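# Commentary on secondary and tertiary structure
Read off the chains here:
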Amino acid sequence: TASEWGYWGKYGPKTWSELCATGKRQSPIDIVTEDAIRIDLGALKFDRYDFAFSGSLINNGHTIQVKLDGVPIHLSGGSLPSVYVLEQMHFHWSAEHTVDGVRDPLELHLVHYNNQYANFSEATQHENGIVVVAVLFEFNNYDNPDLMPILETTKIVSNWVGKNMAQMRNKLIPLLLLPKDHTTYYSYEGSLTTPGCQESVMWFVMTEKLPISEAQVNVFRHVQNSNGTLKYNYRPKQELGNRKVHHRLE
Ligand code: SG7
Ligand code: ZN
């Protein structure tokens, strides 16, 4: 069916053309740090990110997605035109954005929508509708304890034949999934990285990276779907074209 897509083989990204918007602002990209324009766009304001949330995990066959319960979490500042509401978080293994050609083992996407629109799917139809904050994780030789609530539940939902949705046993503090310096970032105008690749996303890729161990990345690499193991789930880099990447420095 037309809704079938994957990351390699006969349903891989090369076959997404019928499913994807084909414009001039596709994602992900390679961030060439030397070409980034240094400018102060203002700090991002992460509102209620420091609260402890319960929530659930979904293995949707393309990624592991985290949905938090309770009060809305808001992102603003950084020259954004309005307030953006956190919709969900999910992971890509390996990373989708590369920095000077380097691909890290994991990338977290915190997906937000513009609160001027009725809901998330309505927001994807507008050029300023979505903000994704991306956090890159690089290999280190110790476990990152802040990923524990997500990883222990990923193990439960990774068996596709069993249940693909589960409540997290431990609460999650989203702020701990952001680098300490969460106000220095690269930003550019792009798209969703999965079909239909709507060109509605303002991307903020955090400059500072977080640590992850090989054993922790392997938990993601063992996620199953109807075709077997989801060994990786990143879209290859897209053309930058006329776009500029901005680098926010204080
Ligand atoms: C992941 O990335 C999922 C998708 C998400 C997609 O595959 O989290 O979410 C759902 C609900 O399946 O697609 C529309 C949407 O959010 C693309 O998001 S991304 O551009 O941040 N990678
Ligand atoms: Zn994503």
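Structure shown above.
Below you will find a few notes about this structure. (Residues numbered from 1 in each chain as written. Chains lettered and ligands numbered in written order. Predicted model: local features only at pLDDT ≥ 70, side-chain atom pairs only at ≥ 80, totals over all residues. Heavy atoms only, no water.)

Attention now goes to the coordination of the zinc ion (ligand 2). The protein atoms donating to the zinc ion (ligand 2) are H90 (NE2), H92 (NE2) and H109 (ND1), with metal-donor distances spanning 2.0 Å. Read in sequence order, the donor residues coordinating the zinc ion (ligand 2) give the pattern H-x1-H-x16-H. One end of the pair, H92, is in strand β7 (residues 84-92); the other, H109, is in strand β9 (residues 106-114), and 17 residues separate them in sequence. In this structure H92 comes out as buried when scored by relative accessible area, which is 2%. H109 gets classed as buried once you look at its relative accessible area, which sits at 1%. (Donors = N, O, S within 2.8 Å, 3.2 Å for Na, K, Ca; no water. Helix = DSSP H or I, 4+ residues; strand = E, 2+ residues; numbered from the N terminus. Buried < 20%, exposed > 50% of the residue type's maximum accessible area, 1.4 Å probe, protein only.)

Looking now at the packing of aromatic side chains. Enumeration according to the criterion identifies eleven aromatic pairs in this entry. Between the aromatic rings of W5 and W16, the centroid separation amounts to 5.3 Å while the plane-to-plane angle is 80°, which identifies the pairing as edge-to-face. Separated by eleven residues along the polypeptide, W5 in the segment before β1 (30-31) and W16 in the segment before β1 bring together distant segments of the chain. In this structure, W5 and W16 share a single accessibility class: buried. Members of the aromatic cluster, each reached through a chain of ring pairs, are W5, Y7 and W16. Between K231 and the ring centre of W8, over which it is positioned, the NZ or CZ distance is 4.6 Å. (Phe/Tyr/Trp six-rings, centres within 6.5 Å; stacked < 30°, edge-to-face > 60°. Lys NZ or Arg CZ within 6 Å of the ring centre and 35° of its normal.)

All right, on to the state of the cysteines then. What we call a disulfide is simply a covalent bond connecting the sulfur atoms of a pair of cysteines. One pass over the structure, following the stated rule, counts one disulfide. Between the sulfur atoms of C20 and its disulfide mate C197 the distance is 1.9 Å. A residue pair is termed long-range when its members are at least 10 positions apart, and C20 in the segment before β1 and C197 in the loop between β12 (185-190) and β13 (201-206) qualify at 177 residues. Residue C20 is classed as buried on the basis of its relative accessible area of 10%. For C197, a relative accessible area of 0% corresponds to the buried category. (Disulfide = S-S within 2.5 Å.)

Turning our attention to the layout of surface pockets. In this structure, the largest pocket occupies an estimated 400 Å³ of space. In terms of lining, the largest pocket is formed by 21 residues, of which the most central are Q65, Q88, H90, L192 and T194. Listing elements by their share of the lining of the largest pocket, those giving two or more residues are β7 and β9. At four residues, the largest contribution of residues to the lining of the largest pocket is made by β7. Taken together, 17 residues make up the lining of the second largest pocket; nearest its centre are W5, G6, H62, N225 and N227. (1 Å grid on protein atoms, 1.4 Å probe; cavity = no way out; pocket = protein on both sides within 12 Å on 5 of 7 lines; lining within 4 Å. Points joined across faces, edges and corners; volume = space filled by probe spheres on them.)

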